[in-house]
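Summary of the model geometry
Read off the chains here:
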Amino acid sequence: MAHTEWKDAPGLPDFSLLKRLARDQLIFLLEQLPGKKDLFIDADLMILFIYFLSEIYIFSLFFCRLCFLIRPRIQTVKWISDLVNADKVAGRFRRYKIIFTPQKFYACETVLEEQGVYGDVTTDEWNFYILPLDDDILSLELPEFFRDNFLEGDQRWVTTAGSALRLLQSVYGSFSKVYGIGRCAKMVYESWRELMEDGEQRTRQPEFAKVFLVDRDVDFVTPLCSQVVYEGLVDDLFRIKCGSVEFGPDVTSSDKSIKVMLNSQDKVFSEIRNEHFSNVFGFLSQKAKNLQTAYDKRRGMDIQQMKAFVADELKGLKQEHRLLSLHIGASESMMKKKTKQDFQELLKTEHSLLEGFEIRECITYIEEHINRQVSMIDSLRLLCLLSITENGLLSKDYRSLKAQYLQSYGIEHLLTFANLRQLGLLEEQQAGETLTVMESKVGKLVNDKTVGKLTDAFSSLAKKSNFRALSKRLALVPKSGEEYDLRVPRDMAYVFSGAYIPLSCKLIEQVLERDGWTGMEEVTRMLNGQEFAVTGGSSSSEARSKTDAQRIVLVMFLGGCTFSEISALRFLGKERGTYYVKQME
């Protein structure tokens, strides 16, 4: 199933406008500090720029104007304050400007005041809310969003996400319908509505009409599963940052590393990015043969034909050959690491956990995985997947697995377990938590004393898992025993070898089919509610149900998403004739 554009595909909005807007605003902000200046840029922004913000640069300043482009982090502001104070002690006079991106927070200005430099520094903000990574991928590039919001309870990025939606609506037109699920999604929607009410209202032809907001904690299972689509594996092994990846010498077959942009401009990558890895080598092999055939056309050409070949085709063929070599090298590196027995056993265990089979054998495998110290992260992923699919671990299993993990990887991970527990990713079943839905219904028909007896009677049984109920209700796990042809996938489950359809993507599919949450009350109850479906102000666009705008849906994952989910939504879009523009934190 090589990824190709389908016929009658809707045209996507031109997201390069967002880059131009951000560039123009940054130039304007820099020009407000006239003259030559030293520009220091936060390390997190270095994928876009060429300088680092580091203490080492304090000793190599040339100009009397210093401009800092940073994330709104307290520690970074303290470093800048130390520099300003050091200049005061040394009797140096400089002008200082801090540009916060994507916005500045009161806490940062408070630090400047506490350090006694508030009057020496001017501050501003660069509203670079959205980075277009590809034709259908946008990113807020806020790696701290998940931890801050879901673990620390810090909601400061909610306004940033709401501002990103306002920017999209102001540039690309009004949304006719907004769907969402999750506490953070609801707050982002409300923040966006407030910003729209306060700002100037402009009507224009919408370029996409529907928006779906989904919290990451609505579906923790999907990011815990091993990725097996090509782009997901590249991310797992090499780490994709801001749409680019660095391939090392083992891939480039040289002593140098190479940075490569991974997007639709890479013709080789665009055709294999959504493929299950088992299909990739066959495609690359055929691509190499086709490329060789194109090169062989040179034979027998006269001078005029050769000139035309060199002018029109040779450069493109060389570029394609270079990219093909890199992706073959990356695939070979993946094969060495991902086709080992360990990986196959890992996938088998994950699939068993998703299906709810052989749980005791899965626990034994996890124990072995921990004790052999195969992978610290994979061990944690398996523990969390076991906990979520079983709705918590039995006390004896939790304590045993926790003790073995701490012995293998260090006592410092006590904090890790505390954080995972707070997130609901790794929990111990508590006494009295084993009442099923049926028991609750029975409880309404009897008195409290009888309910207590029923609770005691059922307390020794395994806790009924919401994931199991959700999986059955939404058919997330295909029936075992059925053959699944990964070359011609029949549904989104192909992104996990036919074993599981991502819950987040299934929710999006069902809600858009129903045009709301009607008929999904039981599902939303098991997901702790917070769902909504709101009609926007673009009534004219609703009537044009067959226009391109109505076939383009913006999906905003609050807390990040996986490349498996992106591939699944691309598959769904192709099946339904709809484009899904994915927006991550």
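As recorded by an unreviewed UniProt entry, the chain carries the name VPS33B late endosome and lysosome associated and is attributed to Cyprinus carpio. Quoted verbatim from the Sequence similarities (unreviewed entry) field of UniProt, the annotation for the chain is "Belongs to the STXBP/unc-18/SEC1 family."

Remarks on the packing of aromatic side chains
Overall, the coordinates contain 19 aromatic pairs when judged by the stated rule. Centroid distance Tyr405 to Phe417: 5.5 Å. Interplanar angle 70°. Geometry classified as edge-to-face. Residue Tyr405 is found in helix H16 (residues 395–409), and its partner Phe417 is found in helix H17 (residues 414–423); the two are separated by 12 residues along the sequence. A single burial state applies to Tyr405 and to Phe417, both of which are buried.

Examining the UniProt feature "transmembrane region" (unreviewed entry) in the chain
Within this numbering scheme, the UniProt entry marks residues 45–68 and 552–572 as carrying the feature "transmembrane region" (unreviewed entry). What you have in residues 552–572 is 48% helix and 33% strand, and the ends, taken at the C-alpha atoms, are 12 Å apart.

Considering the sheet that holds strand E2 (residues 65–70)
As summarised here, the arrangement of the 4 strands in space is E1-E2-E3-E4, forming an open sheet in which the pairing is parallel. Of all strands in the sheet, those with a lone pairing partner are strand E1 (38–41) and strand E4 (121–125), marking the two edges. Across the sheet, the mean angle separating the axes of adjacent strands is 20° when strand polarity is ignored. Bridging between E2 and strand E3 (residues 95–100) involves 6 bridges; their strand directions are parallel. Note that in E3 the partner of Cys67 across the bridge is Lys97. Packing of helix H2 (residues 74–90) onto the sheet brings it into contact with E2, E3 and E4, and relative to E2 it is tilted by some 170°.

Quick word on the environment of Phe277
Checked against the element boundaries, Phe277 lands in helix H11 (residues 277–296). Note on Phe277: relative accessible area 9%, which makes it buried. The spacing of Phe277 and Ser331 is 54 residues in sequence and 8.5 Å in space, taken between C-alpha atoms. If we ignore the near neighbours within four places in the chain, the residues touching Phe277 are Val228, Val229, Tyr230, Leu233, Ser331, Met334 and Met335.

Side note on the environment of Gln319
For Gln319, the location among the structural elements is in helix H12 (residues 303–338). For the pair Gln319 and Asp266, spaced 53 residues apart in the sequence, the C-alpha separation amounts to 9.3 Å.

A word on helix H15 (residues 376–389)
Counting along an α-helix, one turn takes 3.6 residues, and residues three or four places apart therefore face a common direction. In a regular helix each residue adds 1.5 Å, so 14 residues correspond to 20 Å; H15 covers 20 Å between its end C-alpha atoms and thus fits that length. H15 sits mainly inside the fold: 12 of its 14 residues count as buried. When we look at burial in H15, the residues that qualify are Asp378, Ser379, Leu380, Arg381, Leu382, Leu383, Cys384, Leu385, Leu386, Ser387, Ile388 and Thr389. Of the residues trailing H15, Asn391 is marked for its positive phi of about 55°.

Quick look at the pairing of strand E7 (residues 177–181)
When you tally the buried positions in E7, you get 5 out of 5 residues, the bulk of the element. Alternating residues of E7 divide into Lys177, Tyr179 and Ile181 and Val178 and Gly180, and every residue in both groups is buried. Two strands pair when backbone bridges link them, and E7 and strand E8 (residues 210–215) are joined in this way by 5 bridges, in the parallel orientation. Bridging across to E8, Ile181 finds its partner in Val214. Sheet topology note: the E7/strand E11 (residues 531–535) ladder contains 5 bridges and is antiparallel. Among the inter-strand pairings, Lys177 is bridged to a residue of E11, identified as Thr535.

Here's the deal with the nonpolar core
If you look at the biggest cluster of nonpolar residues, it comprises 158 residues, and the most contacted ones within it are Leu213 and Tyr500. Considering each element in turn, this core owes the most residues, 8 residues, to helix H5 (residues 156–172). Aside from chain neighbours lying at most four places away, what touches Leu213 is Leu165, Val178, Tyr179, Gly180, Ile181, Ala185, Val188, Tyr189, Phe532 and Met556. The next biggest cluster of nonpolar side chains, apart from the first, holds 16 residues, and it includes Leu66, Val84, Cys108 and Val121.

Let's talk about a negative patch on the surface
A cluster of acidic residues, Glu190, Glu194, Glu197 and Asp198, forms a negative patch on the protein surface. Here Asp198 shows up in helix H6 (residues 183–198). What makes Asp198 exposed here is its relative accessible area of 69%.

Section: the pattern of salt bridges
Counting across every chain of the model gives 35 salt bridges. Among the ionic pairs, Asp124 bridges to Lys97, the shortest N-O distance being 3.9 Å. Placement of the pair is Asp124 in strand E4 and Lys97 in strand E3, with a sequence separation of 27 residues. In this structure Asp124 comes out as partly exposed when scored by relative accessible area, which is 22%. The buried category is assigned to Lys97, whose relative accessible area is 5%. A salt bridge links Arg576 to Glu513, with the shortest nitrogen-to-oxygen separation between them at 2.7 Å. Residue Arg576 is located in helix H24 (residues 563–576), and its partner Glu513 is located in helix H21 (residues 503–514); the two are separated by 63 residues in the primary sequence. Salt bridges here are not isolated pairs; linked through shared partners, they connect Asp134, Asp136, Glu231, Arg273 and Arg570.

Here's the deal with the sheet that holds E8
A sheet is described by the order of its strands in space; here 7 strands give the open sequence E5-E6-E13-E12-E8-E7-E11, paired in mixed fashion. Every other strand in the sheet has two partners, leaving strand E5 (131–134) and E11 as the edge strands with one partner each. With direction set aside, neighbouring strand axes in the sheet form an average angle of 20°. Across the sheet, H5 lies against strand E6 (137–139), E8, strand E12 (552–558) and strand E13 (579–584), angled at about 165° from E12, the strand it touches most. The strands touched by H24 within the sheet are E6, E12 and E13, with E13 carrying the most contacts at an inclination of about 160°.

Calculation rules
Residues numbered from 1 in each chain as written. Predicted model: local features only at pLDDT ≥ 70, side-chain atom pairs only at ≥ 80, totals over all residues. Heavy atoms only, no water. UniProt positions renumbered as here; feature names shortened; annotations may be inferred. Phe/Tyr/Trp six-rings, centres within 6.5 Å; stacked < 30°, edge-to-face > 60°. Helix = DSSP H or I, 4+ residues; strand = E, 2+ residues; numbered from the N terminus. Buried < 20%, exposed > 50% of the residue type's maximum accessible area, 1.4 Å probe, protein only. Pairing = 2+ DSSP bridges. Axes fitted to C-alpha atoms, helices over the stretch in contact; angles between N-to-C directions. Contact = heavy atoms within 4.5 Å. Expected span 1.5 Å × (residues − 1). Core = buried A, V, L, I, M, F, W, Y, C linked by side-chain atoms within 4.5 Å. Patch = residues over 30% accessible without salt bridge, like charges linked within 9 Å, V, L, I, M, F, W, Y side chains within 5 Å. Areas by Shrake-Rupley, 256 points an atom, 1.4 Å probe, with all protein chains shown as cover. Salt bridge = Lys/Arg side-chain N within 4 Å of Asp/Glu carboxyl O. Lys, Arg positive; Asp, Glu negative; His and termini not counted. Charge placed at Lys NZ, Arg CZ, Asp CG, Glu CD.

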